[in-house]
Every structure is written in structure tokens, then in C-alpha cells.
Amino acid sequence: MDEFRRHWGLVLASHLGLMLGVATMAFSYTIGVFTRPLMREFGWSDAQVLAALVFVTVPTLVMAVVAGWIADRYGVRRVVLVSQFAFGLSFIAIALFVTNLASFYALYALMALCGGGTIAVTFAK
């Protein structure tokens, strides 16, 4: 229990980082909320919108390995901070630059690449 008292800030930061990371934001909390508005705005089907999850899953799997390697080499803090910032920018890019289905998928893939350091692999380290 003493260890938790001394390092509660680290636990809180990790919790917030995971909560605002690619695995949570791209999968759990946003795609379902944005499906209907995207369908109305662009005329896409729900299957076309939800197919974006493939474009975030595969790059996230690749980035899990890369993020772990980079974290071992340069430190977890640097990886998490850079990745969290880049992930936020890529999330904004989705709102600003989606014009067609291909750009939507490409930006979702970019979001996964940028957010690779926000997954549980880095926070567990």
C-alpha cells in the first residue's frame, strides 16, 4: 500500500492516458457516436463507416511493437507524450479533412499510427 501512496500520480496519469488513447477513443467511445452523423453527412452506409475500425486495428497492432521498441530505447514518457499529442492532432484532422471515404480511412489509419504510444503496452511498462 505504501507504494501506491508514493506513486498514485503515475497510476492516475496512466489511467488518463489510456482513457484518452487510441484504443479507447477510436473504438469504444467515438465511432458509435459518429456513425449516424457521418452517414447523414456523406451518404455512407453504417458498414462503410464502421469499416474504419479495420484501418485503425491493423496499424495499432503494428504500432504496439514499434511503440514498445521505441519506449525501451528512448523512455516511456517521451513516447507517450509525443504519441498523445500526435494522436490528438490526428483526431482533429479527421474532423477537418475528411472529404470522401478514402480520406476517412486514411485518416483513421494515421490516427492509429500517431496513437501507437497511447496503448496499454507503453503504460504497462
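Just above sits the structure.
Every value quoted in this text rests on a predicted model; they were computed, and no experiment measured them.

Colleague: Even after reading the chapter, I still don't get the overall build of the chain, so can you show me in this structure?
Modeller: Each helix and strand in the chain was counted, giving nine helices and zero strands. Across the chain, helices and strands are ordered from the amino to the carboxyl terminus as α-α-α-α-α-α-α-α-α. Seen through its principal axes, the chain has C-alpha atoms that stretch 55 × 30 × 20 Å. Scored against the burial criterion, the 125 residues of the chain give a buried share of 38%. Taking contacts inside the chain between residues at least 6 apart in sequence as the whole, the part at least 24 apart equals 75%. The centroid of the 8 positive side-chain charges in the chain is displaced by 6 Å from the centroid of its 5 negative side-chain charges.

Colleague: It is not clear to me how the side chain of T60 should be interpreted in this structure. Could you clarify?
Modeller: Note on placement: T60 falls in helix α6 (residues 52-74). Since its relative accessible area comes to 10%, T60 is described here as buried. If we ignore the near neighbours within four places in the chain, the residues touching T60 are V22, A112 and I119.

Colleague: Any chance you could explain the packing of α6 against helix α8 (residues 101-114) here in plain terms?
Modeller: The relative placement of two packed helices is expressed as an angle between their axes plus a distance between the axes. The geometry of α6 relative to α8 is characterised by a closest axis approach of 8 Å and an angle of 25 degrees between their N-to-C directions. Of the possible angle classes, the one that applies to α6 and α8 is roughly parallel. The interaxial crossing formed by α6 with α8 has right-handed handedness. Contacts from A52, F55, V56, P59, T60 and M63 of α6 reach α8 at F104, Y105, Y108, A109, M111, A112 and L113. A breakdown of the residues in the contact of α6 with α8 according to their chemical character gives twelve nonpolar, one polar and no charged.

Colleague: What should I look at first to understand the nonpolar core in this one?
Modeller: The nonpolar side chains of a soluble globular protein tend to be buried with one another. Among the nonpolar cores identified, the biggest contains 23 residues, and F104, Y108 and M111 are the most heavily contacted of them. Counting only elements with at least two residues in this core, the list comes to α3 (22-29), α4 (31-42), α6, α7 (76-97) and α8. In terms of residue count, the dominant contributor to this core is α8 (seven residues). If we skip the residues at most four places from it in the chain, Y108 touches A26, T30, I31, A52, F55, V56 and I94.

What counts and what doesn't
Residues numbered from 1 in each chain as written. Predicted model: local features only at pLDDT ≥ 70, side-chain atom pairs only at ≥ 80, totals over all residues. Heavy atoms only, no water. Helix = DSSP H or I, 4+ residues; strand = E, 2+ residues; numbered from the N terminus. Buried < 20%, exposed > 50% of the residue type's maximum accessible area, 1.4 Å probe, protein only. Contact = heavy atoms within 4.5 Å. Lys, Arg positive; Asp, Glu negative; His and termini not counted. Charge placed at Lys NZ, Arg CZ, Asp CG, Glu CD. Axes fitted to C-alpha atoms, helices over the stretch in contact; angles between N-to-C directions. Parallel < 35°, antiparallel > 145°, perpendicular 65-115°, else oblique. Left-handed = near helix turned anticlockwise from the far one by under 90°. Nonpolar A, V, L, I, M, F, W, Y, C, P; charged D, E, K, R; others polar. Core = buried A, V, L, I, M, F, W, Y, C linked by side-chain atoms within 4.5 Å.

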